[in-house]
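Overview (structure and organization)
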Amino acid sequence: MERRSGRPRTARPTAPWVAVLALRCAETAAFALAGVLAWWLHPGLGPITPFSAATVVVVTLAAAWMCERFGAYHLSYVFRLQAGLRRQLYAWTLTMSTLVVGAYSLNLSDAYPRLWVGLWLVLGTVLPMVVRTGFSGLTRRWIREGRLAQRTVIVGTTDHGRLLARHLRGCEDIRTRIIGFAHDEQPPEEGYIDQVRVLGDLEHLVGLIRRNEVDQVIIALPWAQRDRIMRTLAELADTPVDIRLAPELLRFEFLRQRAEIVGDVPLLRVLDRPVSGSAELLKAAEDRVLGSLLLLMFAPLMLLIAAAIKIDSRGPVFFRQTRYGFNNNLIKVWKFRTMYHHMTDAAASMLTQRDDPRVTRVGRFLRRTSLDELPQLLNVVTGEMSLVGPRPHALQAKAGDLLYQDVMHHYAARHRVKPGLTGWAQVHGWRGETDTPEKLTRRVEHDLYYIDHWSLLLDMQILLRTARVVFGDKNAF
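Structure report, in brief. (Residues numbered from 1 in each chain as written. Predicted model: local features only at pLDDT ≥ 70, side-chain atom pairs only at ≥ 80, totals over all residues. Heavy atoms only, no water.)

**Points about a nonpolar patch on the surface**
In plain terms, the rule: Each patch groups residues whose relative accessible area exceeds 30% and which form no salt bridge, using 9 Å between like charges and 5 Å between nonpolar side chains of Val, Leu, Ile, Met, Phe, Trp and Tyr. Computed with a 1.4 Å probe, the accessible areas rest on the Shrake-Rupley method; for each residue, only the protein chains presented here act as cover. By definition here, a salt bridge exists when the distance from a side-chain nitrogen of Lys or Arg to a carboxyl oxygen of Asp or Glu is within 4 Å. Every helix listed is a DSSP run of H or I at least four residues long, and every strand listed is a run of E at least two residues long, numbered separately from the N terminus.
The grouping of Phe70, Leu89, Tyr90 and Leu94 at the surface amounts to a nonpolar patch, some 330 Å² of accessible area in total. On the secondary structure map, leucine 94 appears in helix H4 (residues 81-105).

**So, the nonpolar core**
The test is simple: Within this scheme, the nonpolar core is defined by two criteria: the residues are buried Ala, Val, Leu, Ile, Met, Phe, Trp, Tyr or Cys, and they are joined through side-chain atoms within 4.5 Å. Per-residue accessibility, obtained with a 1.4 Å probe over protein chains only, is compared with the maximum for each type, and a residue is labelled buried under 20%, exposed over 50%, and partly exposed between these values. Any pair of residues with heavy atoms lying within 4.5 Å of one another is described as a contacting pair.
Among the nonpolar cores identified, the biggest contains 31 residues, and Ile305, Ile309, Phe336, Leu366, Leu374, Tyr450 and Ile462 are the most heavily contacted of them. Within the residue set of this core, elements represented by two or more residues are helix H9 (278-312), strand S10 (330-336), helix H10 (361-369), helix H11 (376-381), strand S11 (386-388), helix H13 (424-427), helix H14 (437-452) and helix H15 (456-472). When neighbours within four sequence positions are excluded, tyrosine 450 is seen to be in contact with Lys283, Val388, Gly389, Pro390, Trp424, Leu458, Asp459 and Ile462. Leu23, Ala38, Met66 and Trp116 belong to the second-largest nonpolar core, a separate cluster that totals 28 residues.

**Quick look at unusual backbone geometry**
Even without being glycine, asparagine 212 reaches a positive phi, approximately 60°. Its location among the elements puts asparagine 212 in the loop between helix H7 (202-210) and strand S5 (216-219). Exposure remark for asparagine 212: the relative accessible area of 35% places this residue in the partly exposed category. In this model, asparagine 328 sits at a positive phi of 65°, which is unusual for a non-glycine residue.

**So, the pairing of S10**
Defined as follows: A pair of strands counts as paired when DSSP detects no fewer than two bridges linking them.
Here strand S9 (residues 318-324) runs beside S10; their pairing, made up of seven bridges, is antiparallel. Its bridge partner lying in S10, phenylalanine 318 is registered against phenylalanine 336. Between S9 and the antiparallel strand that follows it, S10, lie five residues; asparagine 327 among them carries a positive phi value of about 60°.

**Quick look at the side chain of glutamate 27**
Of note, glutamate 27 is situated in helix H1 (residues 16-41). Every residue in contact with glutamate 27, bar those within four places of it in the chain, is listed here: Tyr73, Gln88, Pro128, Val131 and Arg132.

**Describing the pairing of strand S1 (residues 150-155)**
Burial analysis of S1 places five of its six residues in the buried class, which makes it a mostly covered element. Here S1 runs beside S5; their pairing, made up of four bridges, is parallel. When the bridges of S5 are listed, valine 155 appears paired with isoleucine 219.

**Points about the pattern of salt bridges**
This model, assessed by the stated rule, comprises twelve salt bridges. Across the pair arginine 151 and aspartate 215 runs a salt bridge, and its minimum N-O distance is 2.8 Å. Of the two residues, arginine 151 is situated in strand S1 and aspartate 215 in the loop between H7 and S5; the sequence distance between them amounts to 64 residues. Comparing arginine 151 with aspartate 215 shows no difference in burial state: the two are buried. In this structure, the salt-bridge partner of glutamate 445 is arginine 442, at a minimum N-O distance of 2.7 Å. Placement of the pair is glutamate 445 and arginine 442 together in helix H14, with a separation of three residues, close to one helical turn. On the accessibility criterion, arginine 442 (36% relative accessible area) is partly exposed.

**What to know about H14**
What counts is decided by this rule: To estimate how far a helix should extend, the number of its residues minus one is multiplied by 1.5 Å.
For H14, with 16 residues, the first-to-last C-alpha span of 22 Å sits near the 22 Å given by 1.5 Å per residue. By the burial criterion, the buried members of H14 are Leu440, Arg443, Val444, His446, Asp447, Leu448, Tyr450 and Ile451.

**Observations regarding the sheet that holds S1**
We apply this condition: An axis is simply a line fitted to the C-alpha atoms; with a helix, the fit covers only the stretch in contact. Between two such axes, the angle follows the N-to-C directions and lies from 0 to 180 degrees.
Within the open sheet, the six strands sit side by side as S3-S4-S2-S1-S5-S6. Their pairing is mixed. Because the sheet does not close on itself, it has two edges, and the strands there are strand S3 (192-193) and strand S6 (242-245). Sheet analysis places S5 next to S6, joined by four bridges and oriented parallel. When the sheet's bridge partners are listed, isoleucine 218 is paired in S6 with arginine 244. Each of S1, strand S2 (176-183), S3, strand S4 (196-201) and S5 touches helix H6 (residues 159-171); the most contacted strand, S2, lies at about 170° to it. Strand contacts of H7: S1, S2, S4 and S5, with the helix running at about 105° to S4, the strand carrying the most contacts.

**Quick look at the packing of H7 against helix H8 (residues 226-236)**
Where we set the bar: In this scheme, a crossing is called left-handed if the near helix is turned counterclockwise away from the far one by less than a right angle; it is called right-handed if the turn is clockwise. Amino acid classes used here: Ala, Val, Leu, Ile, Met, Phe, Trp, Tyr, Cys and Pro are nonpolar; Asp, Glu, Lys and Arg are charged; the rest, including Gly, are polar.
The contact between H7 and H8 brings their axes to 10 Å, and the two run at 30°. Crossing handedness for the pair H7 and H8: right-handed. Counting all contacts with H7, which are made through Leu202, Leu205, Val206 and Ile209, the residues of H8 involved are Thr232, Glu235 and Leu236. A breakdown of the residues in the contact of H7 with H8 according to their chemical character gives five nonpolar, one polar and one charged.

**Points about the packing of H9 against H10**
Contact geometry of H9 with H10 gives a least axis separation of 8 Å together with a crossing angle of 145°. Between H9 and H10, the contacting residues are Ile305, Ala308, Ile309 and Asp312 on the first element and Arg361, Val362 and Leu366 on the second. When the residues that make up the contact of H9 with H10 are grouped by side-chain class, the tally is five nonpolar, no polar and two charged.

Limitation: the analysis is restricted to geometry and does not speak to function.
Below, the structure written as structure tokens:
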């Protein structure tokens, strides 16, 4: 906040939940008004019938419920216009689609004039959008005025309190407006800290609270100084404001993590198993069922490839290579042999290069089209790999002159899920030679994004994009 003279503003801010409630009511009324207006605009219809009025009420409540389910009233979308409008539109479209399908399924279509339903669909799209757009403009003004934020004072002028203030201001959270610091012991020499005013000691802070000029107090004192924290709490215990104790974390790395209660002890959830519970069962079913179907579908092609390999050069059809799998365990990965048998490199100590003399004629085609990876469907159906996931890398694979694990300290985090036949990095072009640390870094970043955002829908999207990427990728050789 900028430097200002005088006391903090005394006007109590509007709580964000009040604004959200007002938006809910206004949009619900807009859905209902759309139905009534559509009936009135329909030529030839008289006063609205009790049956149609009941339909308006039911559909309105259903639309409001669907908006809630789609997250249209979540704070992160209420104050972001385009994101909120998308969720509102999804909810309304699904609600009206359900009405139409239900009417035809129950032979009630005659009770709903088509023009009325069509007009209602259009008006029910437009009117709530107008409401939300107007609300967005109003809330932007409120945000600028600070009317949606809790007036917050930070107790503690040490490095911990300064870091907390800097972090909260950088987040630009509309629910928090820092109006100043309070000190519990010796006052700081300066009257401002990072352009935030030092209001005074705890006694002065209590006076501000009594005058209804503070909504929230955050205690940002070192946790090791228990007596100091308890004295501060005792001073503020009988004041009607929210009092919070800021976590003393290393540079606030874990501030976005949630807490859970274990044995009455609050524990910070730093990392969760990426795919667990029902999600793990879904992904296993996807791999076994879809993997088996793909293996059967590609079996004739694999037989033709095997024959071509035998005709082209001496040696076995398949090549098995030890690679890192789930939880950093070693697995044997199946591939079609693409190099001359006496030149194969099981440890991948030397990366394959463009026009590599070790690669056979058939092998060049297989590598360019990634058909050499098809035997890994065997690894999928046996549970060692997934259809989608970070690609398994060989033990001695290098980026430049460094082993993969020496390039990035958190490289092994990609092994928190099973390796995949294809992945998020591959469909974004990060496949093929990793001759520089930068290329590996980008690949791993995409792998970690996939792990953090896994869903069955994302897997399907990657599988659909894989064929187009594979046959048009110039990085495969």
